[in-house]
Amino acid sequence: MKRERVLSGMQASGKLHLGNLVGALKNWVSLQDAYDCFYFVADWHALTTGYANPSSIKESTTDLLINFIAAGLDPDKSTIFIQSMVPQHAELHLLLSMITPVGWLERVPTYKEKQEQLQDRDLSTYGFLGYPVLQTADIVIYRAKYVPVGVDQLPHLEISREIARRFNYLYREVFPEPEGLLTEFPKVVGLDGRKMSKSYDNAIYLSDTPEVVEQKIRTMMTDPARKRRTDKGDPELSPVYQLHKIFSSKEEQEEVAQGCRTAGIGCIDCKKVLIRNVFHYLAPLWEKRNELVSNPKMLFDIARKGSEKAKAETEETMKIVREIMGLS
Ligand code: TRP
């Protein structure tokens, strides 16, 4: 039986962190056996907001690709590729832009939000407005059924469905309307207790060495009321405990919670347990990362092979689209 198709991508703007691993990548890995999966690095998307500083894109692309593989994406199971190595995405983006009303794009909530957030750049560009059109092309060119994404991406998916529907209505039924694949993830807090995010400068990066990870956890915030070793604390107010909930066993969670409430253990004792478990969690990833970092050729081969496969797949769709739009 033919497996249903899944597609997802990550934008190449910045290094991946523990939150990305727990919240997204691990889920991608778990979908590999049940679905026909396509996963890619969206380097063109990174230009929509980062066009003035393109020098970091290559580095981010490499970091993403290394982490994809190190986290367990298997090039023999999934098609792993880089967006700009499959120019058909850009061709479909252009063609879809012909049928996409500007008003739809202006109404995507992230359009205004991001413009307000990133006041330091001029985002009144054609490319930034067209972000969701490019994303639609990424998805429908594979006629993918499911798109594993976070809730923040749902408005983009909604407009993808609308664009697909409009194409099917204007011409003929070519594109399935893609559906989001939402999974419940534990929320990973950062070193300061806010959501882990590179823009808060509170992240544990997958490229951090064990020494750096240890140092970051050692200096993490805890319950602010626990100033002295003898003060009793409330584990629920400690970001360290939030991470225990993800990385430690039930018994360990109970032990450190009890120790915190009674001042039976100090914050450093509690952090040591967390450090041990985060190390345990990251060890296989670190091992594969080292292998890949010292072997760029292997990485490049994976990207090239995946992109070739992706290209062949997209050509099938593009033949139909060109024909329909009078271009063959
Ligand atoms: N917008 C996604 C992000 O911010 C990246 C992305 C680009 C994407 N194209 C996609 C995600 C297609 C899912 C499907 O990371």
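Chains are numbered independently. Their residues run from 1 in the order of the written sequence. Reporting in this predicted model follows two pLDDT cut-offs: at least 70 for local features of residues, and 80 or more for side-chain atom pairs to be given and counted; totals over whole chains, interfaces and linings ignore these cut-offs and use all residues. Computation of side-chain values: all heavy atoms of the structure, hydrogens and water removed.

### Some points on the site of the ligand
Part 1 of the reasoning: One heavy atom suffices: a residue is near a molecule or strand as soon as one of its heavy atoms comes within 4 Å of it. The local shell around the ligand holds 15 residues, among which Gln11, His45, Tyr131, Gln135 and Asp138 are the closest.
Part 2 of the reasoning: Each polar contact in these results corresponds to two N or O atoms within 3.5 Å; when the atoms are within protein, one needs to be able to donate a hydrogen and the other to accept it, and residues that are neighboring in sequence are counted only if both atoms are side-chain atoms. Contacts to the ligand include glutamine 11, whose backbone N or O atom sits 3.2 Å from an oxygen atom.
Part 3 of the reasoning: Tyrosine 131 places a polar side-chain atom, nitrogen or oxygen, 2.8 Å from a nitrogen atom of the ligand.
Part 4 of the reasoning: About the coverage of the ligand: the protein hides 89% of its 360 Å² of free accessible area.
Part 5 of the reasoning: Going along the chain from the N terminus, every DSSP run of H or I of four or more residues is numbered as a helix, and every run of E of two or more is numbered as a strand. Counting only elements with at least two residues in the shell around the ligand, the list comes to strand E1 (5–11), strand E2 (36–42) and helix H8 (131–140).
Part 6 of the reasoning: For the shell around the ligand, the element with the most residues is E1, which contributes five residues.
Part 7 of the reasoning: Class assignment of the residues belonging to the shell around the ligand gives a composition of eight nonpolar, six polar and one charged. Per-residue and other accessible areas follow the Shrake-Rupley method at a 1.4 Å probe size, with only the shown protein chains counted as cover for residues. The classification used treats Ala, Val, Leu, Ile, Met, Phe, Trp, Tyr, Cys and Pro as nonpolar, Asp, Glu, Lys and Arg as charged, and all other residues, Gly among them, as polar.

### Focus: empty space enclosed by the protein
Part 1 of the reasoning: Throughout, the protein atoms alone are placed on a 1 Å grid, and a set of points is a cavity if a 1.4 Å probe fits but cannot get out or a pocket if it is open with protein on both sides within 12 Å along at least five of seven lines; lining residues have an atom within 4 Å of a point. Grid points are joined across faces, edges and corners, and a volume is the space filled by probe spheres set on the points. Following the criterion strictly, the structure yields one cavity of 30 Å³ or more and no others.
Part 2 of the reasoning: At the level of elements, helix H11 (239–247), helix H12 (250–261) and helix H13 (267–293) are the ones that each hand at least two residues to the lining of the largest cavity.
Part 3 of the reasoning: Residue classes in the lining of the largest cavity are distributed as seven nonpolar, two polar and two charged.

### Notes on the domain arrangement of the chain
Part 1 of the reasoning: Entries for the chain in the domain assignment read domain 1 (5–188 + 296–324) and domain 2 (208–289).
Part 2 of the reasoning: Each of domain 1 and domain 2 has a C-alpha centre, and the two are 35 Å apart.
Part 3 of the reasoning: Two residues form a contact once any of their heavy atoms are found within 4.5 Å. Each side of the interface is counted separately: domain 1 has 14 residues, and domain 2 has eight residues.
Part 4 of the reasoning: Reported buried area values correspond to the accessible surface (1.4 Å probe) lost by two parts on association, with both partners' losses combined. Together domain 1 and domain 2 conceal approximately 920 Å² of surface at their shared face, both sides included; 72% is due to carbon and sulfur atoms.
Part 5 of the reasoning: A carboxyl oxygen of Asp or Glu within 4 Å of a side-chain nitrogen of Lys or Arg is what we treat as a salt bridge. Where domain 1 meets domain 2, there are one salt bridge.
Part 6 of the reasoning: Residue arginine 289 pairs with aspartate 63 through a salt bridge whose shortest N-O separation is 3.6 Å.
Part 7 of the reasoning: Applying the counting criterion to the domain 1 and domain 2 interface returns one residue pair in polar contact (both at pLDDT 80 or more).
Part 8 of the reasoning: In terms of residues, the side of domain 1 that touches domain 2 owes the most to one element, helix H3 (residues 57–70), which gives five residues.
Part 9 of the reasoning: Of the residues contributing to the side of domain 1 that touches domain 2, the split by class is nine nonpolar, two polar and three charged. Where each domain begins and ends follows an automated or database-derived domain assignment.

### A few points about the packing of H11 against H13
Part 1 of the reasoning: In contact at an axis separation of 10 Å, H11 and H13 are set at 40° when each is read in the N-to-C sense. One element, H11, and the other, H13, form an angle in the oblique class. By crossing handedness, the relation of H11 to H13 is classed as left-handed. Within the contact between the two elements, H11 uses Val240, Leu243, His244 and Phe247 and H13 uses Cys270, Lys271, Val273, Leu274, Asn277, Val278 and Tyr281.
Part 2 of the reasoning: Tallied by class, the residues present in the contact of H11 with H13 amount to eight nonpolar, two polar and one charged. Lines fitted to C-alpha atoms define the axes, with helix axes restricted to the stretch in contact, and inter-axis angles between N-to-C directions lie between 0 and 180 degrees. Here the word oblique covers every angle except those under 35 degrees (roughly parallel), over 145 (roughly antiparallel) and from 65 to 115 (roughly perpendicular). Take the far helix as your reference; a near helix turned counterclockwise from it by less than a right angle gives a left-handed crossing, and one turned clockwise gives a right-handed crossing.

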